[in-house]
Amino acid sequence: MKTVNKVASVTLLFWLMKIVATTLGETLGDFISMTLHLGYVAGSLITLVFFVIILSVQLGVKKYIPAVYWMVIIGTTTLGTEISDCIDRTLKTGYLTGSLILLSALLLSLFLWYKKYGNLEVYPIFEKNKELYYWTAILFSNSLGTAFGDFLSDNLGLGYMTGALITGLIILIVVLIHYFTKINHVLLFWIAFVFTRPFGATFGDLLTKPLAKGGLDMGTLNASLISLALMVLMIIISQRKHSRELPLQNE
């Protein structure tokens with residue numbers, strides 16, 4: 001029986017979509033918990049239900065489908081926002097402690113993944129059990145990115161624009177290291193994946209927070225709709241690109 005890859009390849013389009021997905025996850029998570037006044041616990045439960053449903057669809061399909069895959073990514077970014085906020089604010093651990101808790105969870109998931117498979121390769125993925133490790137690590141990395149982004153913006157008082165610039169600079173450094181050194185590409189992937197989350201989160205805060213706090217005061221709903229529109233556009237582009245490449249892969 002022929003095995004078929006289930007996840008997206010890591011390209012420039014992948015990273016652009018990841019950043020927009022994280023921005024959407026931040027603004028949508030805040031819309032559910034704060035704008036709708038549902039609170040972080042209720043917000044976590046709502047986004048958890050969505051995540052479980054769309055992840056079940058992803059695990060059930062037999063091949064990579066861009067729309068389904070990226071819906072799961074959006075699910076992890078939205079749920080990650082709620083998990084981070086619940087740990088940091090509802091449980092009152094603070095952003096630094098929350099970041100350390102989530103970092104430990106991410107490292108544990110990667111350790112268990114490596115112990116079972118002997119590698120942390122993120123593409124291609126064929127096996128369902130390995131895909132579960134993949135999505136678990138992505139969920140924890142997105143949750144960690146939210147907490148760390150809040151730590152940069154609030155605890156260190158850097159402001160949303162400065163926080164975005166710092167995390168963006170780290171991502172740029174990782175890209176340069178990838179192209180000009182022989183440092184393990186899987187390690188660089190997970191570093192970049194974690195830091196695209198606070199980059200997207202701080203950008204989301206920049207869109208939604210009041211002018212007095214350095215934001216653009218667009219509101220969580222408007223910012224979510226703009227991010228969603230960009231995400232839909234890029235999913236269409238990704239689907240067309242995948243459709244063109246599929247016949248070549250099957251030759």
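Residues numbered from 1 in each chain as written. Predicted model: local features only at pLDDT ≥ 70, side-chain atom pairs only at ≥ 80, totals over all residues. Heavy atoms only, no water.

## Let's talk about the overall build of the protein chain
Secondary structure summary: the protein chain contains eight helices and zero strands in total. Of the regular secondary structure in the protein chain, the N- to C-terminal order runs α-α-α-α-α-α-α-α. Relative to a compact globule of 251 residues, whose C-alpha radius of gyration would be 18 Å, the protein chain shows 18 Å and is just as compact. Its C-alpha atoms give the protein chain principal-axis dimensions of about 60 × 35 × 30 Å. Counting across all 251 residues of the protein chain, residues that qualify as buried make up 47%. Long-range contacts, defined as pairs at least 24 residues apart, comprise 75% of the intrachain contacts of the protein chain with a sequence gap of at least 6. Of the charged side chains in the protein chain, 18 are positive and 14 negative, and the gap between their average positions amounts to 9 Å. (Helix = DSSP H or I, 4+ residues; strand = E, 2+ residues; numbered from the N terminus. Rg over C-alpha atoms; globule rule 2.2 N^0.38 Å. Buried < 20%, exposed > 50% of the residue type's maximum accessible area, 1.4 Å probe, protein only. Contact = heavy atoms within 4.5 Å. Lys, Arg positive; Asp, Glu negative; His and termini not counted. Charge placed at Lys NZ, Arg CZ, Asp CG, Glu CD.)

## Looking at the layout of surface pockets
One number sums up the size of the largest pocket: a volume of about 550 Å³. Taken together, 19 residues make up the lining of the largest pocket; nearest its centre are V10, T11, W15, V175 and H178. Looking at the lining of the largest pocket, the elements that each hand over two or more residues are α1 (12-35), α6 (160-180) and α7 (185-208). Each residue belonging to the lining of the largest pocket can be placed in one class, and the counts come to 15 nonpolar, three polar and one charged. (1 Å grid on protein atoms, 1.4 Å probe; cavity = no way out; pocket = protein on both sides within 12 Å on 5 of 7 lines; lining within 4 Å. Points joined across faces, edges and corners; volume = space filled by probe spheres on them. Nonpolar A, V, L, I, M, F, W, Y, C, P; charged D, E, K, R; others polar.)

## Regarding a nonpolar patch on the surface
On the surface, a cluster of nonpolar side chains totalling about 750 Å² of accessible area is made up of L169, L172, I173, V175, L176, Y179 and F180. Inspection of the secondary structure puts L169 in helix α6. For L169, a relative accessible area of 49% corresponds to the partly exposed category. (Patch = residues over 30% accessible without salt bridge, like charges linked within 9 Å, V, L, I, M, F, W, Y side chains within 5 Å. Areas by Shrake-Rupley, 256 points an atom, 1.4 Å probe, with all protein chains shown as cover. Salt bridge = Lys/Arg side-chain N within 4 Å of Asp/Glu carboxyl O.)

## What about the nonpolar core?
Within the largest apolar cluster, 42 residues are counted, with the highest numbers of intra-cluster contacts made by Y69, W70, Y134 and W190. At the level of elements, α1, α2 (39-60), α3 (66-90), α4 (95-117), α5 (128-155), α7 and α8 (220-250) are the ones that each hand at least two residues to this core. The residues contacting Y69, other than those within four sequence positions of it, are K6, V7, A8, F14, Q58, Y64, Y134 and W135. (Core = buried A, V, L, I, M, F, W, Y, C linked by side-chain atoms within 4.5 Å.)

## Regarding the packing of aromatic side chains
The tally for this structure, following the rule as stated, stands at 18 aromatic pairs. Ring geometry for F14 against F193: centres 6.5 Å apart, planes inclined by 40 degrees, an arrangement best described as tilted. In this pair, F14 is assigned in helix α1 and F193 in helix α7, connecting sequence segments 179 residues apart. Take F14 and F193: they sit in the same class, and that class is buried. Taking 5.6 Å as the distance between ring centres and 75 degrees as the angle between the ring planes, the aromatic pair formed by Y64 and Y69 counts as edge-to-face. (Phe/Tyr/Trp six-rings, centres within 6.5 Å; stacked < 30°, edge-to-face > 60°.)

## Side note on the packing of α1 against α7
Where α1 contacts α7, the two axes come as close as 8 Å, and the packing angle between them is 50 degrees. Classed by the angle they form, the pair α1 and α7 counts as oblique. Crossing angle aside, the handedness with which α1 passes α7 is right-handed. In terms of residue class, the contact of α1 with α7 is built from ten nonpolar, eight polar and five charged. (Axes fitted to C-alpha atoms, helices over the stretch in contact; angles between N-to-C directions. Parallel < 35°, antiparallel > 145°, perpendicular 65-115°, else oblique. Left-handed = near helix turned anticlockwise from the far one by under 90°.)

## Describing α5
Under the 1.5 Å per step criterion, the end-to-end length of α5 is 39 Å for 28 residues, consistent within 8% with the ideal 40 Å. Looking at the residues trailing α5, positive phi occurs at G157, about 65 degrees. (Expected span 1.5 Å × (residues − 1).)

## Description of the environment of G204
With respect to the helices and strands, G204 occurs in helix α7. Not counting residues up to four positions away in its chain, the partners in contact with G204 are T23, E26 and T27.

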